[in-house]
Each structure stands twice: as structure tokens, then as C-alpha cells.
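# Examining the three-dimensional arrangement
Listed below, chain by chain, are the residues.
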Amino acid sequence: MRRVEPMTGESLGRVIEEIPLVDHHVHGVLAGEVSRRQFEELITESDRPVPAWMTQFDSQVGFAILRHCAPVLGLDPHPDPETYLARRVELGTEEVNRRLLAASGIGHFLVETGYRGDEILGPDQMAAVTGKPAGEIVRLEAIAERVAAEGTDAAGFAARFEAVLWERSRTARGLKTIVAYRHGLDFDPGPPTAAEVTEAAGRWLRASDRSGPARLDDPVLLRHLIWTGIERGLPLQFHIGYGDPDIDLRRSDPLLLRGLIELAEPRHVPLLLLHCYPFHRHAGYLAQVYPHVYFDVGLGVSYTGARSVAVVAESLELAPFAKILFSSDAWGPAELHHLGALLWRRAMTGVLSGFVAEGEWSEDQAVRVATMIGERNARRVYGLGEDA
Amino acid sequence: MRRVEPMTGESLGRVIEEIPLVDHHVHGVLAGEVSRRQFEELITESDRPVPAWMTQFDSQVGFAILRHCAPVLGLDPHPDPETYLARRVELGTEEVNRRLLAASGIGHFLVETGYRGDEILGPDQMAAVTGKPAGEIVRLEAIAERVAAEGTDAAGFAARFEAVLWERSRTARGLKTIVAYRHGLDFDPGPPTAAEVTEAAGRWLRASDRSGPARLDDPVLLRHLIWTGIERGLPLQFHIGYGDPDIDLRRSDPLLLRGLIELAEPRHVPLLLLHCYPFHRHAGYLAQVYPHVYFDVGLGVSYTGARSVAVVAESLELAPFAKILFSSDAWGPAELHHLGALLWRRAMTGVLSGFVAEGEWSEDQAVRVATMIGERNARRVYGLGEDA
Amino acid sequence: MRRVEPMTGESLGRVIEEIPLVDHHVHGVLAGEVSRRQFEELITESDRPVPAWMTQFDSQVGFAILRHCAPVLGLDPHPDPETYLARRVELGTEEVNRRLLAASGIGHFLVETGYRGDEILGPDQMAAVTGKPAGEIVRLEAIAERVAAEGTDAAGFAARFEAVLWERSRTARGLKTIVAYRHGLDFDPGPPTAAEVTEAAGRWLRASDRSGPARLDDPVLLRHLIWTGIERGLPLQFHIGYGDPDIDLRRSDPLLLRGLIELAEPRHVPLLLLHCYPFHRHAGYLAQVYPHVYFDVGLGVSYTGARSVAVVAESLELAPFAKILFSSDAWGPAELHHLGALLWRRAMTGVLSGFVAEGEWSEDQAVRVATMIGERNARRVYGLGEDA
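These numbers come from a predicted model, not from an experiment. (Residues numbered from 1 in each chain as written. Chains lettered and ligands numbered in written order. Predicted model: local features only at pLDDT ≥ 70, side-chain atom pairs only at ≥ 80, totals over all residues. Heavy atoms only, no water.)

Between the two copies, chain B and chain A, the superposition gives an RMSD of 0.0 Å; the rotation angle is 120° and the shift along the axis is 0.0 Å. Read as a symmetry element, the transformation amounts to a three-fold axis. Scanning chain B for the C-alpha nearest the rotation axis identifies B:Ala310, at a separation of 5.8 Å. (Least-squares fit on C-alpha atoms with pLDDT ≥ 70 in both.)

This part covers the interface of chain B and chain C. Frequently, the measure chosen for interface size is the accessible area removed from exposure when the parts meet. Counting residues at the interface gives 38 residues for chain B and 42 residues for chain C. Both faces considered, chain B and chain C share a buried interface measuring about 3500 Å² in area, 56% of it formed by carbon and sulfur atoms. Applying the counting rule to chain B against chain C returns six salt bridges. Taking the shortest distance from any N to any O, the salt bridge between B:Glu360 and C:Arg346 comes out at 2.7 Å. Summed over the shared surface of chain B and chain C, the number is 21 residue pairs in polar contact (both at pLDDT 80 or more). Elements with a contribution of two residues or more to the side of chain B that touches chain C: helix 12 (258-264), helix 13 (280-289), helix 15 (308-315) and helix 17 (363-382) of chain B. Across the side of chain B that touches chain C, the residue classes tally to 19 nonpolar, five polar and 14 charged. (Contact = heavy atoms within 4.5 Å. Buried area = accessible area lost by both parts, 1.4 Å probe. Salt bridge = Lys/Arg side-chain N within 4 Å of Asp/Glu carboxyl O. Polar contact = N/O pair within 3.5 Å; in protein donor to acceptor, adjacent residues only side chain to side chain. Helix = DSSP H or I, 4+ residues; strand = E, 2+ residues; numbered from the N terminus. Nonpolar A, V, L, I, M, F, W, Y, C, P; charged D, E, K, R; others polar.)

Taken together, the 42 residues of chain B in the interface contact 38 residues of chain A. Summed over both partners, the interface of chain B with chain A buries about 3500 Å², with 56% contributed by carbon and sulfur atoms. The largest per-residue losses of area from chain B upon contact with chain A belong to B:Trp53, B:Phe63 and B:Arg307, which jointly make up 19% of the total buried on that side. The closest approach of N and O atoms between B:Arg346 and A:Glu358, which form a salt bridge, is 3.2 Å. At the surface where chain B touches chain A, the tally comes to 21 residue pairs in polar contact (both at pLDDT 80 or more). For the side of chain B that touches chain A, the leading source of residues is helix 3 (residues 60-72) of chain B, giving six residues. Grouping the amino acids of the side of chain B that touches chain A by side-chain chemistry returns 20 nonpolar, 10 polar and 12 charged.

Attention shifts here to the packing of aromatic side chains. By convention here, two paired aromatic rings are described through the distance between centres and the angle between planes. Taken as a whole and judged by the stated rule, the model has 39 aromatic pairs over all chains. Aromatic side chains A:Phe63 and C:Trp361 sit 4.8 Å apart centroid to centroid with 80° between the ring planes, which places their arrangement in the edge-to-face category. Residue A:Phe63 is located in helix 3 (residues 60-69), and its partner C:Trp361 is located in the loop between helix 16 (334-357) and helix 17 (363-382); the two belong to separate chains. On the basis of relative accessible area, A:Phe63 is assigned to the buried category, the value being 2%. (Phe/Tyr/Trp six-rings, centres within 6.5 Å; stacked < 30°, edge-to-face > 60°. Buried < 20%, exposed > 50% of the residue type's maximum accessible area, 1.4 Å probe, protein only.)

All names here are of chain A. Compared with an ideal rise of 1.5 Å per residue, which puts 12 residues at 16 Å, helix 5 (residues 93-104) spans 16 Å between its outermost C-alpha atoms and is within 8% of the ideal. Listed as buried for helix 5 are Thr93, Val96, Asn97, Leu100, Leu101 and Ser104. Down the axis of helix 5, the smallest arc covering the buried residues is 115°, so these residues share one side. For helix 5, exposure combined with an orientation more than 90 degrees from the buried face picks out Glu94 and Ala102. Among the structural elements, helix 3, helix 4 (81-91), strand 2 (106-112), helix 6 (123-130) and helix 16 (334-357) are those in contact with the buried residues of helix 5. Where helix 5 terminates, the next one or two residues include glycine 105, which has phi positive at roughly 70°. (Expected span 1.5 Å × (residues − 1). Arc of directions from axis to C-beta.)

Within the secondary structure, A:Tyr277 sits in the loop between strand 6 (271-275) and helix 13 (280-289). Overall, the relative accessible area of 1% leaves A:Tyr277 in the buried class. Linking A:Tyr277 and A:Val301, residues 24 residues apart in sequence, is a C-alpha distance of 9.0 Å. If near-sequence neighbours (up to four positions away) are discounted, A:Tyr277 is found in contact with A:Gly241, A:Tyr242, A:Leu249, A:Gly300, A:Thr304, A:Val311, C:Arg281, C:Glu317 and C:Leu318.

To continue, consider the UniProt feature "domain: Amidohydrolase-related" (unreviewed entry) in chain A. Under the UniProt annotation, the feature "domain: Amidohydrolase-related" (unreviewed entry) is placed at residues 194-384 of chain A. Structurally, residues 194-384 of chain A is divided into 55% helix and 7% strand, and its ends, taken at the C-alpha atoms, are 35 Å apart. (UniProt positions renumbered as here; feature names shortened; annotations may be inferred.)

Let us now look at the sheet that holds strand 5 (residues 236-240) of chain B. Residues and elements named next belong to chain B. Sheet architecture is open: seven strands sit in the order 1-2-3-4-5-6-7, paired in parallel fashion. The outermost strands of the open sheet, each flanked by one partner alone, are strand 1 (21-26) and strand 7 (293-295). For this sheet the average axis-to-axis angle between neighbouring strands, irrespective of direction, equals 25°. Strand direction decides the pairing type here: strand 1 and strand 2 (residues 106-112), joined by four bridges, are parallel. Counted as the bridge partner of aspartate 23 is phenylalanine 109 from strand 2. Along the sheet, helix 6 (residues 123-130) contacts strand 2 and strand 3 (134-139); its crossing angle with strand 3, the most-contacted strand, is approximately 155°. Strands in contact with helix 16 (residues 334-357) are strand 1 and strand 2; relative to strand 1, the strand with the most contacts, it is inclined by about 130°. (Pairing = 2+ DSSP bridges. Axes fitted to C-alpha atoms, helices over the stretch in contact; angles between N-to-C directions.)

Moving on, we get to helix 11 (residues 219-232) of chain C. All names here are of chain C. Taking 1.5 Å per residue as the helical rise, helix 11 with its 14 residues ought to reach 20 Å, and the 20 Å between its terminal C-alpha atoms agrees with that figure. Along helix 11, 12 of the 14 residues are buried, which leaves the element largely enclosed by surrounding structure. For helix 11, the N-terminal capping position is held by aspartate 218, with its side-chain oxygen 2.7 Å away from the main-chain nitrogen of valine 220. Remark: glycine 233 follows helix 11 within two positions and exhibits a positive phi of approximately 90°.

Turning next to the pattern of salt bridges. This structure, assessed with the given rule, holds 93 salt bridges over all chains. Across the pair C:Arg203 and C:Asp218 runs a salt bridge whose closest N-O atoms are separated by 2.8 Å. Here C:Arg203 is found in helix 10 (residues 194-211), whereas its partner C:Asp218 is found in the loop between helix 10 and helix 11, with 15 residues between them in sequence. Three or more residues are tied together by salt bridges with common partners; here these are A:Arg281, A:Glu317, B:Arg307 and B:Glu314.

If you rotate chain B by 120° and push it 0.0 Å along the axis, it lands on chain C with an RMSD of 0.0 Å. Of all interface residues in chain B, a mere 3% are interface residues in chain C too; the two copies therefore contact each other through different surfaces.

On to the domain arrangement of chain A, then. Residues and elements named next belong to chain A. For chain A, the assigned domains are domain 1 (10-33 + 94-381) and domain 2 (35-91). For domain 1 and domain 2, the distance between their C-alpha centroids amounts to 25 Å. Taken together, the contacts link 29 residues of domain 1 with 23 residues of domain 2. Across the interface of domain 1 and domain 2, roughly 2000 Å² is buried in total on both sides, 66% from carbon and sulfur atoms. For domain 1, the biggest contributors to the area lost against domain 2 are Arg99, Tyr303 and Glu335; these three give 27% of the whole. Scanning the region where domain 1 abuts domain 2 turns up one salt bridge. (Domains from an automatic or database assignment.)

Residue placement: B:His268 occurs in the loop between helix 12 and strand 6 (271-275). Once the C-alpha coordinates of B:His268 and B:Gly184 are considered, the two residues, 84 residues apart in sequence, prove to be 24 Å apart.

Residues and elements named next belong to chain C. The strand order across the open sheet formed by seven strands is 1-2-3-4-5-6-7, and the pairing between neighbours is parallel. This sheet does not close on itself; its edge strands, each paired only once, are strand 1 (21-26) and strand 7 (293-295). Across this sheet, the average inter-strand angle for adjacent strands is 25°, counted without regard to direction. Here strand 5 (residues 236-240) runs beside strand 6 (residues 271-275); their pairing, made up of five bridges, is parallel.

With that settled, the discussion passes to the side chain of C:His108. When you line up the elements, C:His108 lands in strand 2 (residues 106-112). Residue contacts for C:His108: discarding those within four places in its chain leaves C:Leu21, C:Val22, C:Asp23, C:Pro133, C:Gly135, C:Arg379 and C:Leu384.

Turning our attention to the packing of helix 10 (residues 194-211) of chain B against helix 11 (residues 219-232) of chain B. All names here are of chain B. The interhelical angle for the contact between helix 10 and helix 11, taken along N-to-C directions, is 120°, at an axis separation of 8 Å. When the axes of helix 10 and helix 11 are compared, the pair comes out oblique. Crossing handedness for the pair helix 10 and helix 11: left-handed. Mapping the contact onto sequence places Glu196, Val197, Ala200, Ala201 and Trp204 in helix 10 and Val220, Leu221 and His224 in helix 11. Class assignment of the residues belonging to the contact of helix 10 with helix 11 gives a composition of six nonpolar, one polar and one charged. (Parallel < 35°, antiparallel > 145°, perpendicular 65-115°, else oblique. Left-handed = near helix turned anticlockwise from the far one by under 90°.)

All names here are of chain A. Among the seven residues that make up strand 2, seven are buried, leaving the element largely enclosed by the rest of the structure. For strand 2 and strand 3 (residues 134-139), the ladder comprises four bridges, and the chain directions are parallel. Bridging from a neighbouring strand, glutamate 112 pairs with isoleucine 137 of strand 3. Running through helix 6, the crossover from strand 2 to the neighbouring parallel element strand 3 is right-handed. (Right-handed = clockwise from strand over helix to strand, strands pointing away.)

Laid out in C-alpha cells, this is it:
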């Protein structure tokens with residue numbers, strides 16, 4: 001029997017390195033300079049100050065920055081943090097952004113604009129800096145909070161939210177919900193009634209009247225946003241799993257979404273589970289059994305650094321390969337955009353060339369799957385057309 | 001100090017290849033021909049149609065079929081799906097079944113007969129096709145539904161169920177419950193009272209009278225079935241974890257069985273946790289601390305293909321080696337029977353030869369553990385006697 | 001660009017071998033001889049008799065003892081259990097303890113004294129046998145049960161507990177709670193009121209009056225112990241995850257502690273999550289986002305033997321390296337102390353030299369992280385000063 005000669009890890013690696021990735025969930029890069037303290041606080045999901053007796057550089061993501069971003073800025077790998085940050089200042093944020101984004105090889109950005117949008121570049125600016133197309137992902141909760149801030153009454157909230165959402169998402173590629181942060185995924189899955197929405201909107205707007213803009217965390221309203229988003233018909237992203245401590249990680253297990261997934265199934269709206277760490281195997285299960293469910297391991301890749309190979313490997317179990325996507329979920333320092341892409345390429349190369357070397361996959365299969373996950377699946381789901 | 005010369009992966013692999021596996025939880029192979037669409041739907045746990053924009057061959061199990069089953073049918077590894085399925089048709093189901101089952105090297109089948117039994121071969125037919133012994137595992141819920149279909153009243157249900165169960169399991173090797181599907185494992189662990197059973201049976205039978213055979217999903221009745229099964233005294237299998245979307249995966253965590261496990265402990269009935277993915281580490285814990293608990297990673301092996309090495313490795317942590325078993329849980333295409341055995345052998349060889357190469361295990365230990373898990377533990381638990 | 005020449009696994013291994021580990025959670029070694037039956041029951045977390053048809057030596061921890069402890073007792077690796085135990089008897093417990101503890105290379109012991117303290121050596125005896133410093137970790141529940149046994153009334157319980165805790169912990173390095181065993185981690189996180197404590201103490205003391213010393217498992221009292229412990233201000237250890245079947249593993253997920261972690265944050269008391277298997281990734285998340293949370297994979301290392309490399313690797317993902325500690329959690333046979341240290345060193349060497357070989361970490365980083373986790377972090381948290 002003829003044996004296929006396994007592709008070497010290097011040649012597969014070269015192919016994977018050249019995939020013009022579609023980053024289907026990302027935020028803008030920092031617009032301005034940051035201090036060391038600020039930089040360290042931007043490379044952790046903690047929202048607490050970094051204690052004086054430690055540095056966040058002593059972590060997988062810190063080591064990965066020193067290893068992989070330093071050379072892009074013209075340093076040897078593994079400098080000390082001081083050297084790295086001094087070089088960053090020397091080059092200036094604009095040049096740092098330009099270099100790291102270019103080196104990431106990301107070919108298309110879908111930029112989520114709902115979080116601290118004034119500190120980072122918007123989609124158009126991302127496109128300008130990179131010379132690559134950048135579409136928008138609209139955050140449902142941000143729209144609702146804008147509707148409240150601009151003034152509405154309880155009875156008019158639902159109609160106003162719908163109008164603004166349709167307007168704001170006219171050219172958007174998808175929607176996003178952070179119900180995992182605002183409540184947890186253990187919510188009643190069905191759409192609330194109009195009367196329930198009006199009542200909940202009244203409670204929320206009164207709270208805002210009393211003490212300034214109230215955080216939208218009412219489960220009735222959150223469900224209403226989600227179901228209105230499903231009505232809108234664009235691909236709908238869910239934050240899942242790992243994130244800042246505003247989240248109760250236990251209540252962000254994607255298996256909690258089963259009820260909603262089943263109720264939404266007849267609408268044929270793609271549901272995209274983001275990050276998912278440490279529940280990525282649960283997400284892989286959902287992506288196998290439900291035709292409209294997709295997932296990625298975004299944030300879990302950059303933050304596990306040298307260990308991201310294991311995380312990516314675990315994402316390649318139950319899910320059909322047409323249901324897995326790439327994202328960086330980077331926000332702020334362009335190091336995170338660069339690492340999201342670089343560590344994903346490195347992990348895919350390691351895992352898939354292992355499958356090929358063990359004789360389990362053919363090299364054609366490996367190339368095809370890497371291209372599907374890195375680019376083609378996102379192009380299909382978001383209707384981005386073929387790569388130019 | 002004398003250093004044991006580590007056994008090479010190849011020689012350990014040859015030993016493992018020749019273990020006449022006891023497949024302690026399997027279903028029959030397909031009796032008839034299937035179309036491509038049907039075949040794709042049989043190689044996923046999804047019960048939904050495969051979307052037009054993807055093929056289920058683009059998955060770990062799909063790639064494993066093309067890699068490992070193609071050669072058994074006389075093709076090179078990694079053909080395209082069309083070539084593979086054309087060859088399948090050319091040979092005919094009977095020959096495909098015969099070849100794939102023979103090549104699996106499974107030496108004893110314990111066949112669970114409770115699911116769509118008319119589409120697949122029964123235990124006797126499996127024995128006839130393979131020339132190997134095939135015992136039966138009886139599904140409790142199927143017996144109860146037959147009792148209802150044949151006519152009984154609420155007051156007579158318990159006695160009738162007991163009588164039919166004893167009769168149907170006269171020569172059976174074990175029982176099985178799918179309470180994980182029908183309710184979830186988060187049920188009140190104790191046996192219900194006779195009055196509760198009668199009342200619940202009444203509700204269920206009335207529902208069946210009204211609208212045809214009702215699905216048995218009442219937790220009181222399900223608990224009654226389980227406790228009657230424990231009374232029967234045969235080894236009792238539990239579906240755990242991964243399966244079709246009829247399951248709420250969150251409620252199939254084996255840790256939810258703790259109450260039942262402790263209440264059942266004085267009965268000395270072996271409780272066998274099947275599949276368990278992605279909760280196999282939880283199952284390993286239960287198998288360490290409770291003398292009557294066993295587990296396997298059945299279905300999680302075939303469906304993770306090239307990644308099954310990791311799943312098998314994770315199953316070899318806390319549990320004593322006397323408490324781990326092999327199963328394929330294959331249903332339908334003989335490809336799944338073949339892969340269940342082949343991928344298990346491949347994974348065990350990879351993992352155990354790694355332990356030996358690192359100097360952690362002796363080669364004798366590796367051979368003994370593979371034999372225990374592949375064959376001896378099941379022979380002891382099910383009283384199958386020594387291999388002929 | 002200059003490439004750092006990767007350190008070989010061997011040279012990194014030599015450095016790691018010489019770290020004078022701080023074992024920040026350990027118990028004493030056995031004081032007397034044990035039979036084979038007793039020995040087997042001490043090398044499992046099961047509290048049930050080992051069934052006659054199996055031996056606990058057929059497990060990862062059993063194989064690891066035969067592999068790694070046999071040479072310390074002057075045998076070849078991988079003897080049969082009979083040979084091993086005969087040699088143990090021949091040398092005598094004292095010599096066995098001396099040899100295995102010395103070979104462990106542990107440089108500082110923090111000994112938890114709350115569990116069956118009369119069967120094992122106390123901190124002073126551990127220091128005498130090893131010639132290394134041994135501090136004490138005081139178990140909150142043991143103190144409370146002593147207060148009850150010595151006689152108190154409901155109204156006086158809180159004051160008496162406080163007084164005895166302060167007295168008993170005068171020179172202690174830390175406190176420990178086993179609320180995971182006594183209730184589960186799903187408790188109301190806030191401190192109970194004085195009236196609630198008095199009422200709960202009354203219930204508990206009356207139960208003890210009726211039928212002898214009652215197990216302290218009232219959640220109000222357990223919460224009171226924890227909050228009094230936080231008031232005391234010493235580092236506070238939590239049993240998490242894997243342990244004997246007295247625990248409901250589902251209710252020992254560290255994510256359940258989120259409420260308490262947030263309420264305790266302003267007190268600046270280090271919270272140390274012990275073992276954590278199979279929830280160690282959850283612990284890593286908490287250690288990243290909360291400045292006062294630390295964790296180890298203690299017991300999960302010894303009991304997974306050849307697989308402990310994977311467990312340690314999984315612990316090196318999200319947590320900053322300043323937040324990870326080493327412990328053996330050994331109790332009884334000095335084999336467990338020896339394996340805790342040896343398998344941790346072996347796993348760290350394997351994982352970190354992998355990172356270095358892949359070019360992801362520098363050798364300096366690897367050495368520094370191993371030293372932080374093995375020794376320096378514990379010295380800082382417990383105020384142990386620099387190594388002599």
C-alpha cells in the first residue's frame with residue numbers, strides 16, 4: 001500500500017503562516033502611549049492593580065510578548081521588560097501598532113466597538129493602519145445603553161432599541177452579546193413578552209434617573225436584546241468563559257445556552273461562541289450537534305502563551321472543522337493582536353503537523369483545515385466574499 | 001543500579017494489537033445499504049441534517065474513517081469521501097461489515113439492544129458475522145416502554161416491569177440506563193415508594209392513552225427502573241456525558257451520581273459509567289474512591305480521532321487500572337466498531353509506550369495494564385470466563 | 001538575529017533537582033509500621049477497603065512508588081509489591097522515613113496538624129527527622145471541635161474559639177479550612193451575625209451533648225470559622241477538589257468561592273487553593289484575576305504519577321507565575337512526600353524544558369519560574385525569609 005510521505009512541520013508551517021486570517025472578533029489597538037503600569041494592566045484580564053511584589057510580565061502572555069513581539073520591534077527575543085518597554089516608547093505607539101499589526105498577517109478584521117471605544121482605534125482607523133478591510137461587530141448592550149442615555153420611556157424602549165439597532169448595524173457584519181458578564185448564561189431562554197420588557201425597562205430607566213446611567217443587567221432586558229438581535233438576523237457572538245473578574249466563570253459555561261440554542265435554531269442565525277476557555281470542549285460538543293453553533297478559542301490562545309498548543313489541540317476534537325473559527329479578541333496593545341495570530345499559527349502548525357507525522361491526516365487535509373478555520377469559515381458565516 | 005531497557009513502541013504495539021478486546025458496550029452493525037446523506041448522519045452524534053455547506057467527513061471521525069477504514073476496504077489511506085463511499089457500495093454492506101469487524105480484532109461483544117434494534121444486527125447476528133461470542137445488555141427504559149405498549153395498569157406496572165425485566169435479562173450480561181437522556185443525572189437518588197411508582201405510572205400510562213406511546217421521562221419511574229435494575233443484580237451501565245443533543249450535557253456529569261453511588265454501594269452491583277467525555281476525569285475520581293464504580297471513554301475515542309490519544313491519556317490518571325474498561329459504543333456503520341478498537345489500541349500504544357520510554361513504567365506493567373483494560377477487567381465484571 | 005541556545009532538558013533538570021522546596025501544605029509521616037492492607041489503603045484517597053480482586057499498587061501512584069521509591073530503599077526500579085513491602089519492613093519505618101524524606105530534597109515543611117495527628121509525626125518531629133525547618137498550619141475546624149470538646153456554651157463559643165485560635169496559631173504560618181468537605185464551597189459568602197453564630201453553636205453543642213462529639217458541618221459555623229480566620233490575618237488555605245469520598249467533588253469547584261474571594265479582598269489575606277484537580281484551570285483563572293488568590297496542584301501530582309506532567313502543564317496557563325506554589329499534601333507513608341517532590345520536579349523539568357526547546361522561553365526564565373513556584377513564592381507569602 002502506498003504511504004503518503006508526511007509533510008514536514010516546516011512546510012505546513014509556511015502555508016499556515018501565509019493564511020490571510022479573518023479575525024472575526026477583535027477590538028482596536030491603543031491610540032495613545034501607556035506607562036509601564038498601564039501596559040501591565042492591559043496584558044491581564046484582571047481589573048485590579050498589579051501587586052507591587054510581582055510583574056505581569058512573569059506570565060505566559062508576558063513571556064510570549066518578550067519572545068515574539070520583541071523581534072518585530074527590532075530586539076532580540078527574551079529581553080527584560082524594561083528594555084522592551086523602552087524600545088516601545090522609542091518607536092512610538094503608531095509605529096509599534098503598524099509593525100505588530102502588519103506582522104500578524106491578519107487579512108480582515110471584524111472589530112467589536114462596544115467597549116471603551118474612545119481609547120482605541122475604530123474599524124476605519126484599523127483599516128487605515130493596516131490597509132486591510134475592517135468590518136464592524138455591534139454590541140447589543142452598548143446600543144441599549146445609548147438608547148437609555150439619549151432618553152426614552154419604558155413603553156417606547158423596545159421600539160427605540162429596534163430602530164437604533166437596525167440603524168447602527170446597517171453595514172455591520174455581526175452582533176455581540178455580553179450577557180455572560182451582565183447576568184450569566186443561566187437565563188430563561190425564551191423571549192420575554194412586550195409587557196415584561198416594558199416593565200423591566202421602566203425599572204432600569206428609573207434607576208438611571210435616580211443615580212446616573214445604570215448598568216444593564218436585568219435578565220428580562222438582556223433576553224430581549226438577544227431575541228431582537230436574532231430577529232435582526234446577523235451572526236450573533238456570545239462572550240463565553242474566560243474574561244475579566246466581572247464574570248462569574250461558573251455561569252459562563254456554554255452548556256447553559258442549550259435552551260436558547262434550541263429555541264433559536266429555526267431562525268438559522270449563526271451563533272458564535274467566543275473564547276470558551278476553560279469550557280472549549282463543551283463548545284466543541286455544541287458545535288457538533290447543533291448546525292448553527294460555531295466557536296473559537298480566541299482569548300484563551302494569547303493568554304496561555306507557550307501552552308496555547310494544548311488549548312488549540314483540545315478545540316480540534318468533536319466539532320466539525322467547518323464550525324471552528326479564529327479570533328484574537330485583542331483589545332489595546334497591538335502585542336495582543338500580534339500574539340493572537342502568531343500563537344494560533346504556531347499552535348495549528350504544531351498540532352496538525354503532529355497529526356500528519358503520526359500518519360493520521362494527509363498534508364492536504366491539514367492545509368485545508370487550517371485554511372477553513374483561519375479564513376474560509378468566517379468568510380462563509382459573515383458573507384465576506386472570497387479573499388482578493 | 002540496573003536500568004530496564006524500555007520496550008519500543010512497536011513491540012508494545014504488537015502486543016496491544018493482538019488483545020482480543022471485550023467490547024462491553026456496543027450496538028449492532030447496519031443491516032442494509034445507506035446513502036451518502038444517511039452515512040454522514042450516522043457518523044455524528046447530531047440528529048440534525050448535515051448542512052449543505054459542509055460535510056461530516058471534515059471532522060476527526062471522518063478523517064479517521066478515510067485513514068483507517070479505507071485500507072480495510074482495499075483503498076489507499078485518505079481517499080476522498082466519494083471514492084470511499086463508492087468502494088463501500090461496490091463491496092456491499094455484508095462484506096464491509098465482515099471486513100471491518102474482523103479487522104477490529106474484537107473478541108467478545110456485549111450488545112446493547114434497546115435503540116432502533118430493527119435497523120441493525122442483534123447479538124446473535126453479530127456473533128454469526130464475526131464468529132465471536134456476543135452477549136446482551138438490556139436497556140431498562142426499553143423494557144418499561146414495552147411493558148406499557150403491551151398493556152398494563154398503574155397498580156400493576158411495577159410487578160409487570162419486574163417480571164418482564166427478569167425474563168428478558170435471563171441470559172443477559174448486564175443492564176443499561178439512559179436516565180442521563182431522559183431526565184439528567186440530577187435526580188433524587190433513593191428508590192421511590194410503591195405508592196409514588198403507582199402514581200407516576202398512572203400519569204405516564206394516561207398520557208400514552210391520550211396520544212400514543214409516551215416517552216418515559218418521569219424521574220420517579222426512571223429511579224424505580226434503576227433501583228429495580230440494582231435489585232436484579234447484574235452489572236448496571238449508565239450513559240454519561242457525550243451523546244446526541246437529546247442530552248443536556250451539563251446534567252450528565254457523573255459527579256451528579258454520587259448520592260446513588262453511595263446508596264447502592266451495599267448491594268455490590270458494579271456500576272459502569274460509559275463514555276464520560278468531557279467528564280472522564282470526574283469518572284476516574286469516582287472509580288478511585290468507590291469500589292463498585294468503573295468507567296470507559298468509549299464514544300469519546302472514536303469521535304476524537306487523531307486526538308483520542310489525549311482522551312485515553314486523561315483516563316489513565318486517578319482510577320486504579322482494575323476499574324477501567326474498553327468499549328466502542330459503535331452503532332450502525334461498522335466503521336465505528338473498527339475505529340473504536342483501532343483508535344483505542346493506537347492511543348494505548350502511544351500513551352503506554354511513552355510511559356515506558358520515559359522510564360516511568362516497566363514494559364511488563366504496560367502489557368498487563370493494556371490487557372486488564374482491553375479484556376480482563378470486563379471478563380471479571382461480567383463473569384465471561386477466560387478467553388478460549 | 002541572535003538565537004538563544006536552548007538549555008538542554010538535563011541541565012535544567014539538574015537545577016530543578018536542587019531547589020530546596022518549600023512544601024507549603026503537608027502532613028507528617030507515619031510513626032509506626034503498617035501491614036500491606038494498611039499500606040494500600042494509605043496510597044488511595046478512597047476510605048473503603050481495597051477489594052480482594054485488585055491491588056492499589058495497580059495504579060499511577062502505585063507504579064510511581066515501585067519506580068521511584070524502590071531505588072531509595074536500595075531495590076531496582078519496578079519490583080513487585082511484595083518485594084517492595086518486604087524491603088520496607090526490613091529497613092524499618094524510621095529508616096524508610098529518613099531515606100525518603102532526605103531524598104525528597106524538601107527544604108522547609110509547613111505541616112498541617114488537624115487530621116489524625118496521633119498516627120503521624122508532628123512539625124517538631126518532622127524537623128528532627130529531616131534537619132529542616134518545619135512550621136505549622138492550623139486547621140480551623142479542628143480548633144473549633146476542640147473548643148466544643150473542652151466545654152463551652154453557645155453564647156461563649158465565638159469568644160472561646162477566637163481565644164483558642166489566637167493561642168494555637170501564635171507561631172503558626174497559616175490556617176486551613178476544610179469547608180469543602182464539611183459542606184461544599186457553595187456557601188453564603190458573607191460573615192454570619194453574632195446571633196446566627198450563637199444559635200448555630202447552640203444546635204451543634206446540643207447535638208454533641210446528645211450523642212457525643214458532633215461533626216462540625218453547619219454552614220453558619222463554618223463561615224464563622226473562615227471569617228474569624230481571615231480576621232486572624234494569616235495566609236488561609238482551602239482544600240479544593242480531589243480528596244477522599246467524604247467530599248462532593250462537584251461542590252468543591254473553586255469557582256464557587258468567587259463571592260468569598262471578593263468579600264475578603266480588602267483584608268489582603270492570601271487565599272491559597274490546594275490541589276484543585278480536576279478544577280486546576282479554574283484555580284489558574286482565579287489566581288490571574290484576584291491579587292490575593294494563589295494555588296497549587298499538590299495531591300493531583302502524586303496521584304497521577306506518570307501523567308502528572310500533564311497536570312502540572314495545565315497549571316501553567318493563566319496564572320501569573322508569582323501565584324503558583326508547590327505542595328505534596330502527603331499524609332502518612334513517606335513515599336507520598338518523596339513522590340510529591342520528585343514528580344513535581346520531573347514534571348516541571350519536562351514541561352519547562354519543552355518550552356525552552358521550542359524556543360518559547362529562555363533558560364533563565366525557566367530557572368526563575370521553577371524557583372518561584374518551588375520555593376520563592378511560598379517564602380514571600382508565609383514570610384519565611386530567605387533560604388539559609
